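Read off the chains here:
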Amino acid sequence: SRKEEETPTWSFSVREIANEVNNQLKVFQSYIKEIKEASIRLEELTKMLKAGEISENVYNILLDEISNNLSLSIEEVFKIRENLELLRARAKIEWAREKIGIKEAETRTQSYSSIYGRSSVEETYSPAYRWQEIINKIDSALSSLTFEEEISMIERYLSIMRRKGSPSISENIEKAKQICQQRLNVLTEEWSAIRRDKIKEMMDLETKASQLRDEIKEIEVRLAVGEIDRRTFEYRARSLRGSLRRLEEEISKIRGYIDDMDMKIFRSSELLREMQ
């Protein structure tokens, strides 16, 4: 029939990729959950060893069990991430192709729309909208793994691989190492920008902290020369010292965060070099 002949060829393509993306996303989120749970187990295991609750032998046995499962999950995440990036690239290409044709389609339907009005359903289920929906889904899933989580995941994976000392632990290790290097390059560049912002934030806080210290010294002098009484001094000093303490805690937190990320990136780079 004429209706069947006019059915757009993109329908099946969009549906096919959308289904594949949905399947990949389910598996991706499942492995991300496993990785986060395994990381919590490793942290708890380390705490028990440090607290003397378990022997080093028990620690090593459990570490091997958790690490084996964790490394396999991480390898699968690397693999699925690459698949999702490929699907996103395909979707973007198709989205761009559809966008080129939109102006022509709009021109052809202007006279029709002026008479009958444009359907919001038509817009919602247009090919360009569907491709954009697929792209957004993939972007959302990939961004669900934070910068800090991904850096920690890479470092942990490489540490496990070095500890095992044998590439035979997984047939995917060489591919995983390549992806680790690629992602580390991207994350290192991203970290440069984040680091600059954090250092600026820390310097701004340092300036405020310095101003508070000066204010504390000022009221100490005013107390000494009798401009204010002890009660007024204690009230204002308590408020200023509380603010100063909060600022110093925030500065310390930011400095610790910078040091931690610097160390993770450096250690990951070193581990990759050792594994060449």
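Residues numbered from 1 in each chain as written. Predicted model: local features only at pLDDT ≥ 70, side-chain atom pairs only at ≥ 80, totals over all residues. Heavy atoms only, no water.

From N to C terminus, the protein chain includes 8 helices and 0 strands. N-terminal to C-terminal, the α/β element order of the protein chain is α-α-α-α-α-α-α-α. Per-residue burial for the protein chain yields a buried fraction of 31% across its 276 residues. Summing over all exposed atoms, the protein chain offers an accessible surface of approximately 17,800 Å²; the carbon and sulfur share of this is 50%. (Helix = DSSP H or I, 4+ residues; strand = E, 2+ residues; numbered from the N terminus. Buried < 20%, exposed > 50% of the residue type's maximum accessible area, 1.4 Å probe, protein only. Areas by Shrake-Rupley, 256 points an atom, 1.4 Å probe, with all protein chains shown as cover.)

Right, let's get into the environment of R81. Relative to the helices and strands, R81 is located in helix α3 (residues 56-116). Measuring from C-alpha to C-alpha, the distance between R81 and L142 comes to 7.4 Å, with 61 residues separating the pair along the chain.

Between two packed helices, what matters for the description is the angle formed by their axes and the separation of those axes. Packing of helix α6 (residues 147-164) against helix α8 (residues 230-274) leaves a shortest axis separation of 9 Å and a crossing angle of 40°. Read as a crossing pair, α6 and α8 show a hand that is left-handed. Together, F147, E148, I151, S152, I154, E155, L158, S159 and R162 of α6 and Y257, M261, K264, I265, R267, S268, L271, L272 and E274 of α8 make up the contact between the two elements. (Axes fitted to C-alpha atoms, helices over the stretch in contact; angles between N-to-C directions. Left-handed = near helix turned anticlockwise from the far one by under 90°. Contact = heavy atoms within 4.5 Å.)

Bringing the packing of aromatic side chains into the picture now. Tallied over the full model, the rule gives 3 aromatic pairs. The interplanar angle of 85° and the centroid separation of 5.8 Å between the aromatic rings of F78 and Y157 together place this pair among those described as edge-to-face. Here F78, found in helix α3, pairs with Y157, found in helix α6; they are 79 residues apart in sequence, far enough to count as distant. Since its relative accessible area comes to 2%, F78 is described here as buried. Judged by centre distance (5.7 Å) and plane angle (70°), the ring pair of W191 and Y257 falls under edge-to-face. Taken as a pair, W191 in helix α7 (residues 173-224) and Y257 in helix α8 lie far apart in primary sequence, 66 residues in all. Taken together, the aromatic side chains of F147, W191 and Y257 make up a single cluster linked through ring pairs. Positioned above the aromatic ring of Y257, the side-chain terminus of K198 is 5.4 Å from the ring centre. (Phe/Tyr/Trp six-rings, centres within 6.5 Å; stacked < 30°, edge-to-face > 60°. Lys NZ or Arg CZ within 6 Å of the ring centre and 35° of its normal.)

For R81, a relative accessible area of 9% gives the class buried. If sequence neighbours within four positions are ignored, R81 has contacts with F28, L142, E150 and R183.

Here we come to the environment of A176. With respect to the helices and strands, A176 occurs in helix α7. Remark: the alpha-carbon pair of A176 and L158, spanning 18 residues in sequence, is separated by 9.5 Å. When sequence neighbours within four positions are dropped, the list of residues in contact with A176 reads E75, F78 and Y157.

Now for the pattern of salt bridges. Under the definition given, this model contains 19 salt bridges. Each member of the salt-bridge network shares a partner with another, and the members are R81, E85, E150 and R183. (Salt bridge = Lys/Arg side-chain N within 4 Å of Asp/Glu carboxyl O.)

Looking at the protein chain, pLDDT values average 84 and 84% of them are 70 or higher. Across the protein chain, α8 holds the top mean pLDDT of 95, while helix α1 (residues 2-5) sits lowest at 45. This stretch, residues 1-11, has a pLDDT under 50; its non-local contacts, to residues over four places away or in other chains, come to 4 contacts. (pLDDT = per-residue confidence, 0-100.)

Grouped together as the largest cluster of nonpolar side chains are 66 residues, with contacts concentrated most on F28, F78, I134, Y157 and L158. Residue assignment for this core shows that the elements contributing at least two residues are α2 (10-50), α3, α5 (127-142), α6, α7 and α8. In terms of residue count, the dominant contributor to this core is α7 (14 residues). Setting aside residues no more than four positions away along its own chain, I134 makes contact with V14, I17, A18, V21 and A91. (Core = buried A, V, L, I, M, F, W, Y, C linked by side-chain atoms within 4.5 Å.)

What follows deals with the packing of α7 against α8. Where α7 meets α8, the closest approach of the two axes is 8 Å, and the angle between their N-to-C directions is 160°. The orientation of α7 relative to α8 falls into the category roughly antiparallel. Note on packing geometry: the crossing formed by α7 with α8 is left-handed. The class makeup of the residues in the contact of α7 with α8 is 24 nonpolar, 5 polar and 17 charged. (Parallel < 35°, antiparallel > 145°, perpendicular 65-115°, else oblique. Nonpolar A, V, L, I, M, F, W, Y, C, P; charged D, E, K, R; others polar.)

Under the 1.5 Å per step criterion, the end-to-end length of α6 is 26 Å for 18 residues, consistent within 8% with the ideal 26 Å. Among all positions in α6, only F147, E150, I151, M153, I154, E155, Y157, L158, S159, I160 and M161 are buried. (Expected span 1.5 Å × (residues − 1).)

Take the environment of I265 next. Mapped onto the elements of the fold, I265 is located in helix α8. I265 has contacts with I151, L184, T188 and W191, leaving out every residue within four places of it along the chain.

Turning next to the side chain of Q24. For Q24, the location among the structural elements is in helix α2. On the accessibility criterion, Q24 (19% relative accessible area) is buried. At a separation of 3.4 Å, a polar atom in the side chain of Q24 contacts the side chain of N83. Discounting chain neighbours no more than four positions away, the residues touching Q24 are I80, N83, L84 and L87. (Polar contact = N/O pair within 3.5 Å; in protein donor to acceptor, adjacent residues only side chain to side chain.)

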